[in-house]
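Topology and contacts: notes
Each chain is listed here by its residues.
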Amino acid sequence: MGNYFRTVPKGPLEETLINFLKTRKLQHINDCIEMINDSYPTKSTLILDEYLDVFGGILEEWTEQVFLLLENNQSSAGQVDIYESLAVIIVFCGEEFNTKLEFIYKMFDFDQSGEIEKKELIMTLQASIRALCKIAKLQPPELKDLEYFAEKMFIQLDSDRSASISFHEFSIWLLNSWELQDFMLQYALIQTFENADRRAKEKRIFFQKLYESAAGGTDQQYCDADSIKTLFLTELKEQKKDTIELLIDILIQSTKIHQKHDDQNQQYPNGILKEAYEDIMAAWSAFDASDINSDNQTSIQELKFLLYAYEGDKPDLFRIKEEMKILDKDNSGYVSREEWIQYLCVEDKGKFQFRGNLKQLFNKYDKDNSGALSIPEIKQLLTDSMKDMQTKFKLKGQNEHFEEMVDQLAQEVVDDLNSENDKQSNDKTLTWIEFKNYMDQAVLKLNKLKDFLKSI
């Protein structure tokens, strides 16, 4: 199957259809299965009228077009396979990938043994892969080729020689089959957290090599901004020149922040520090990994993969919706690459300085994923930042005085950083925007307090 996954489609991907299928839910498929069992219990294929009867409710205006795509000769007078029809909706629907896997696994577990036998695995792959190929306008593999592939796969997965495969064995294999996952991503726009993470790591390695090429070696800590810009313009042809200009400017401004107290700053006035570069390109790589159709924007459905590829934790739905509200500045329903990178930056006099490490700190203490830090969460952040000072106070038997100072500092931070509207509404939280834009002031206040405590 390896060579097959690199075949060329017969026509462009119907993204409008695929985006529609992503709005479907598994609960609707149960209605289709129930109708098949009641009205067509002995049939394995459906003619168009029967197909409209079973799938018209879930596929709506797309019903006849999906029928024609699945029919081997694209004929309205033909018939389509029932299991391919079900597999299409399951594979493309908007549920979580593991949920879809479990559903399709149970559907082909005909004897309801809780495990899939060889003949059941063959039918699973034949229906799922052929259906995916037909929707993606790829020539579907022959049934005998898929049977051969399934038999090889079965031998590989049945490690305990039980003559059956558990769901755990099935899902682990699929989630680690990068070739198959890339195939689904390219032709079905189906992404997984695992694949997003892998793609982001591969991109980071790619950008690391670009830096080493521009800097002249692996041990160089600085490279010339013009050199890296030339490589970006050559290697990132899909990016607009303005986007590359913004990226270079952020790299230069962020390098200056890293170098505030570094004498080498004088030696590299137009240099880019490796540490700053790696921080920023990690965010850029995460966007690359989640932008599944390479249009330089992510939808709310893709945003969860972007956050995961960058942070390493799966966000819940509330977090995704809150982040979308902040990120989507132009209310387009999408997050552009520029919006994502600037979201992680602090803007100072029209210049953007990357502060991705602050976002990770913010997320760590935003325990309820509300998108804002409460007074107790800020207090915990400050307490953790001053553990060495707390130990000193405990030794002196003055821990209560330490906690009072932290409480007062937390309140002062909120008062300093809250907007005027927040103060009028008595809001006692810090949003990410407030936190990142004024964190330098908070750090300065914290450092002064630390210096004072050290002196007593």
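As a reminder, the structure under discussion sits directly above these lines.
Residue positions within a chain follow its written sequence, with the count starting from 1. pLDDT decides what is reported in this predicted model: residues at 70 or higher carry local features, side-chain atom pairs at 80 or more are listed and counted, and totals for whole chains, interfaces and linings draw on all residues regardless. Based on all heavy atoms of the structure, the side-chain values leave hydrogens and waters out of the count.

**A short note on the overall build of the protein chain**
Helix and strand labels come from DSSP, where a helix needs a run of H or I of at least four residues and a strand needs a run of E of at least two; each type is numbered from the N terminus. Across its full length, the protein chain carries 24 helices and ten strands. Classification of the 456 residues of the protein chain by burial places 49% in the buried group. By definition, residues are in contact when any of their heavy atoms lie within 4.5 Å. Across the protein chain, every contact between residues at least 6 apart in sequence was considered, and the portion connecting residues at least 24 apart equals 62%. On the protein chain, roughly 22800 Å² of surface is accessible, and the fraction owed to carbon and sulfur atoms is 48%. Buried, partly exposed and exposed residues are distinguished by accessible area as a fraction of the type maximum, computed with a 1.4 Å probe on protein chains only: under 20%, between the cut-offs, and over 50%, respectively. Here the accessible surface of atoms and residues is derived via Shrake-Rupley with a 1.4 Å probe, and residues count as covered only by protein chains that are part of the display.

**Let's talk about unusual backbone geometry**
For Q74, which is not glycine, the phi torsion reads 50 degrees and is therefore positive. Inspection of the secondary structure puts Q74 in the loop between α4 (63–70) and β2 (80–81). Within the chain, L189 stands out as a residue other than glycine whose phi angle is a positive 55 degrees. Its place among the elements puts L189 in the loop between α10 (178–188) and α11 (193–215).

**Overview of the packing of aromatic side chains**
Each Phe, Tyr or Trp ring, with Trp reduced to its six-membered ring, pairs with another whose centre is within 6.5 Å; inter-plane angles below 30 degrees give stacked pairs, above 60 give edge-to-face pairs, and intermediate values give tilted ones. Under the counting rule described, the total for this entry stands at 18 aromatic pairs. A ring pair is formed by Y51 and F67, whose centres lie 5.3 Å apart and whose planes are at 65 degrees; its orientation type is edge-to-face. With a gap of 16 residues between them, Y51 in helix α3 (residues 48–59) and F67 in helix α4 connect regions that are remote in the sequence. The exposure classification of Y51 matches that of F67, with both residues buried. Between the aromatic rings of F206 and F207, the centroid separation amounts to 5.1 Å while the plane-to-plane angle is 70 degrees, which identifies the pairing as edge-to-face. Assessed through its relative accessible area of 28%, F206 is described here as partly exposed. Looking at F207, the relative accessible area reads 1%, which means it is buried. Linked through ring pairs, F206, F207, Y211, F232 and Y277 together constitute an aromatic cluster.

**Brief notes about the side chain of S166**
With respect to the secondary-structure elements, S166 resides in the loop between α8 (143–157) and α9 (167–175). Overall, S166 belongs to the buried group, its relative accessible area being 18%. Once residues lying within four places of it in the same chain are set aside, the contact partners of S166 are Y105 and E115.

**Topic: the pattern of salt bridges**
By definition here, a salt bridge exists when the distance from a side-chain nitrogen of Lys or Arg to a carboxyl oxygen of Asp or Glu is within 4 Å. Scanning all chains against the criterion turns up 16 salt bridges. Salt-bridge contacts for D182 lead to R198; the nearest nitrogen and oxygen are separated by 2.7 Å. Residue D182 is found in helix α10, and its partner R198 is found in helix α11; the two are separated by 16 residues along the sequence. A relative accessible area of 30% places D182 in the partly exposed class.

**What to know about the environment of F305**
Within the secondary structure layout, F305 lies in helix α15 (residues 300–311). Under the relative-accessibility criterion, F305 is labelled buried at 7%. Sequence separation between F305 and E194 is 111 residues, and the spatial gap between their C-alpha atoms is 9.2 Å. Once residues lying within four places of it in the same chain are set aside, the contact partners of F305 are Q191, T192, F193, A196 and S290.

**Regarding the side chain of R198**
The exposure class assigned to R198 is buried, which follows from its relative accessible area of 13%. Those residues in contact with R198 that lie beyond four places of it in its chain are W178 and D182.

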